[in-house]
Amino acid sequence: MTYANGLLCDSLLRAYLLTGEQVFLTVGSETLRFLNKVCWDEASGCVSLVGNRGWYRKGGKKADFAQQPIDAMWLCWANLTAWQITGEEIFRQMAKASVDWFFGRNVIGAPLYDPETGACHDGLEPEGVNEHCGAESTICALLTLLRWRKEQIMRSGEL
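Remember, it's a predicted structure, so these values are computed and weren't measured experimentally. (Residues numbered from 1 in each chain as written. Predicted model: local features only at pLDDT ≥ 70, side-chain atom pairs only at ≥ 80, totals over all residues. Heavy atoms only, no water.)

With respect to unusual backbone geometry
To be explicit about the condition: Starting at the N terminus, helices and strands are each numbered in turn, a helix being any DSSP run of H or I of at least four residues and a strand any DSSP run of E of at least two.
Note that the residue after Phe-65, namely Ala-66, is joined by a cis bond; omega there is -5°. Even without being a glycine, Ala-4 presents a positive backbone phi close to 60°. Among the secondary structure elements, Ala-4 is positioned in the segment before α1 (6-19). A positive phi angle, close to 55°, is found at Trp-55, a residue other than glycine. The residue Trp-55 is located in the loop between β2 (46-47) and α3 (69-86) in this model.

Quick word on a nonpolar patch on the surface
Test applied: What goes into a patch is any residue over 30% in relative accessible area without a salt bridge, connected to like charges within 9 Å or, for nonpolar side chains (Val, Leu, Ile, Met, Phe, Trp, Tyr), within 5 Å. Note that accessible areas follow from Shrake-Rupley with a 1.4 Å probe, and for residues the cover is restricted to the protein chains shown. The term salt bridge refers to a pairing of a side-chain nitrogen on Lys or Arg with a carboxyl oxygen on Asp or Glu at a separation within 4 Å. For every residue, the accessible area (1.4 Å probe, protein chains only) is compared with the maximum for its type, and the residue is labelled buried under 20%, exposed over 50%, or partly exposed between those bounds.
A surface patch of nonpolar side chains, about 280 Å² in accessible area, is lined by Ile-139, Leu-143 and Leu-146. Relative to the helices and strands, Ile-139 resides in helix α5 (residues 135-156). Judged by relative accessible area, Ile-139 falls into the partly exposed class, the value being 47%.

Points about the packing of α1 against α3
Using the following cut-off: For helices, the fitted line uses only the C-alpha atoms of the stretch in contact; every axis is such a line through C-alpha atoms, and the angle between N-to-C directions lies from 0 to 180 degrees. Angular relationships are summarised with four words: roughly parallel below 35 degrees, roughly antiparallel beyond 145, roughly perpendicular across 65 to 115, and oblique for the angles in between. Put simply, a crossing is left-handed when the front helix is turned counterclockwise from the back one by less than a right angle, and right-handed when it is turned clockwise. Any two residues having at least one pair of non-hydrogen atoms within 4.5 Å are treated as being in contact. We call Asp, Glu, Lys and Arg charged. Ala, Val, Leu, Ile, Met, Phe, Trp, Tyr, Cys and Pro are nonpolar, and the rest, Gly among them, are polar.
Two elements in contact, α1 and α3, have axes whose closest approach is 8 Å; the angle formed by their N-to-C orientations is 25°. Between α1 and α3, the crossing angle belongs to the class labelled roughly parallel. As α1 runs across α3, the sense of the crossing is left-handed. Here α1 contributes Gly-6, Leu-7, Cys-9, Asp-10, Leu-13, Arg-14, Tyr-16 and Leu-17 to the contact with α3, which in turn contributes Trp-74, Leu-75, Trp-77, Ala-78, Thr-81, Ala-82, Gln-84 and Ile-85. Within the contact of α1 with α3, the residues separate by chemical class into eleven nonpolar, three polar and two charged.

Geometric values such as these leave the question of function open.
Following this line, the structure appears as structure tokens:
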């Protein structure tokens, strides 16, 4: 497992929405359940993404750092899509946990997203956040927050 792992899950689930083909729902939701299991840290009760310092090879150990905002974004999006389709609360909870990852509910308790500036740090390291705040990371954080808010509005009937 490497980079933007949730993108595949989200794509399969969206293919189901477009085609109604059950195979897309089956494979997409099974894959997402596996990804959620890999990205949940039971000890700390939060999302812990696959880090890019070694990734996660079959039969190996998941790299704990450097966790990337793009992975939190796609994990959130895939879980929101699964929640939209199935209504299963576990998917909503994992989507929320992915949002919370940006605000410091992560394995080291460090916020990556700064609501005051709108910037997002580039990664989560063992000693803290990467000091750089690049465009990709910031866009990933903002898209995650927008999608999460949209889902909240749609579910509440505010629109």
